[in-house]
Amino acid sequence: MTRMLIVGPQGSGKGTQAKLISEKLGIVAISTGDIFRENIKGETELGKEAKRYVDAGDLVPDSLTNRLVEDRLSWEDAASGFLLDGYPRNRTQAASLDEMLSRLGVSLDVVLELTADTEELTQRIKKRAEIEGREDDADEKIIRRRLELFEKETRPMIEEYASRGLVKQVNGLGSVEDVNARIMDALNS
Ligand code: AMP
């Protein structure tokens, strides 16, 4: 049973690797970005609230995001382990996650950090825009905004997890298979 986070900047291959890890470890992968996108597409109340933030590359307010994750973690399929992809994104959300987990009487096993350089990331994100048609990927200004937010908000959160000894870093550069092999090695070590 594993309870883990996957963190890394946009375009680092998090989403793809999250799905592979989830299959290999038999745990559910929960992506807050996917949940927001589905709700925006389905024009739900949550989607309507989240849309302007997602479109601008900004973070959806913590209170809304935290509530969504708390609900999702209460589902049966998350009881035997989970992989959170794209959450938490800042120290406030990380503190909220700590509270949720302590209420559930469980704790995190590992925070997997995928690393990649900014030049490579921008190229990858543009390619993804062509393949998946994500609007927040198509605009260079919005891509830059999300990378900036990662450095400003998410980096300090990763450092905090590192100080708790939870972080394992894996180089995200290379083919999907190579990166996945590195990840599985790191998780097993
Ligand atoms: P992602 O697919 O993880 O890149 O997320 C796409 C967009 O969804 C982000 O740019 C944010 O607008 C929103 N989002 C996803 N996860 C979070 C989160 N944990 N906190 C706030 N906003 C989020």
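Residues numbered from 1 in each chain as written. Predicted model: local features only at pLDDT ≥ 70, side-chain atom pairs only at ≥ 80, totals over all residues. Heavy atoms only, no water.

(A) The environment of Asp139, seen in detail. With respect to the helices and strands, Asp139 occurs in the loop between α7 (135-138) and α8 (140-163). The spatial distance from the C-alpha of Asp139 to the C-alpha of Lys126 is 8.4 Å, given a sequence separation of 13 residues. (Helix = DSSP H or I, 4+ residues; strand = E, 2+ residues; numbered from the N terminus.)

(B) Just the packing of helix α6 (residues 118-132) against α8, in detail. One can describe the packing of α6 onto α8 by two numbers: an axis separation of 11 Å at closest approach and a directional angle of 130 degrees. With respect to each other, α6 and α8 are oriented oblique. Between α6 and α8 lies a crossing of right-handed hand. Of the residues in α8, those in contact with Thr118, Leu121, Thr122, Ile125, Lys126 and Arg128 of α6 are Glu140, Ile143, Arg146 and Leu147. (Axes fitted to C-alpha atoms, helices over the stretch in contact; angles between N-to-C directions. Parallel < 35°, antiparallel > 145°, perpendicular 65-115°, else oblique. Left-handed = near helix turned anticlockwise from the far one by under 90°. Contact = heavy atoms within 4.5 Å.)

(C) Up close: empty space enclosed by the protein. Counted under the stated rule, the structure contains 1 cavity of 30 Å³ or more. Estimated volume of the largest cavity: approximately 70 Å³. In terms of lining residues, the largest cavity is bounded by Ile6, Val7, Gly8, Gln10, Lys14, Gly86, Tyr87, Pro88, Arg89, Phe150 and Thr154. Elements that contribute at least two residues to the lining of the largest cavity include exactly β1 (3-7) and α8. (1 Å grid on protein atoms, 1.4 Å probe; cavity = no way out; pocket = protein on both sides within 12 Å on 5 of 7 lines; lining within 4 Å. Points joined across faces, edges and corners; volume = space filled by probe spheres on them.)

(D) The site of the ligand, seen in detail. By nearness alone, 16 residues border the ligand, and Thr32, Arg37, Asp58, Gly86 and Gln93 come closest of all. At a separation of 3.0 Å, a nitrogen atom of the ligand approaches a polar backbone atom of Val60. Within the contact set of the ligand, a nitrogen atom lies 2.9 Å away from a backbone nitrogen or oxygen of Gly86. Within the complex, 97% of the 470 Å² of free accessible area of the ligand lies under protein. Mapped onto the shell around the ligand, the elements with two or more residues apiece are α2 (32-41) and α3 (45-56). Among the elements that take part in the shell around the ligand, α2 stands out by supplying 4 residues, more than any other. The residue inventory of the shell around the ligand, partitioned by class, reads 6 nonpolar, 5 polar and 5 charged. (Near = heavy atom within 4 Å. Polar contact = N/O pair within 3.5 Å; in protein donor to acceptor, adjacent residues only side chain to side chain. Areas by Shrake-Rupley, 256 points an atom, 1.4 Å probe, with all protein chains shown as cover. Nonpolar A, V, L, I, M, F, W, Y, C, P; charged D, E, K, R; others polar.)

(E) Representation of the pattern of salt bridges in the model. In this structure the tally under the stated criterion is 14 salt bridges. Here Lys14 and Asp85 are joined by a salt bridge, their closest N and O atoms 3.6 Å apart. Linking Lys14 in helix α1 (residues 14-25) with Asp85 in strand β3 (residues 82-85), this pair joins segments that are 71 residues apart in sequence. The residues Lys14 and Asp85 share a single accessibility class, namely buried. Among the ionic pairs, Glu151 bridges to Arg155, the shortest N-O distance being 2.9 Å. (Salt bridge = Lys/Arg side-chain N within 4 Å of Asp/Glu carboxyl O. Buried < 20%, exposed > 50% of the residue type's maximum accessible area, 1.4 Å probe, protein only.)

(F) The arrangement of the layout of surface pockets in detail. The space that makes up the second largest pocket amounts to roughly 260 Å³. If you trace the second largest pocket, you find it lined by Arg37, Ile40, Lys41, Lys51, Val54, Asp55, Gly133, Arg134, Glu135 and Asp136. Broken down by secondary-structure element, the contributors of at least two residues to the lining of the second largest pocket are α2, α3 and α7. The residue makeup of the lining of the second largest pocket, split by class, is 2 nonpolar, 1 polar and 7 charged.

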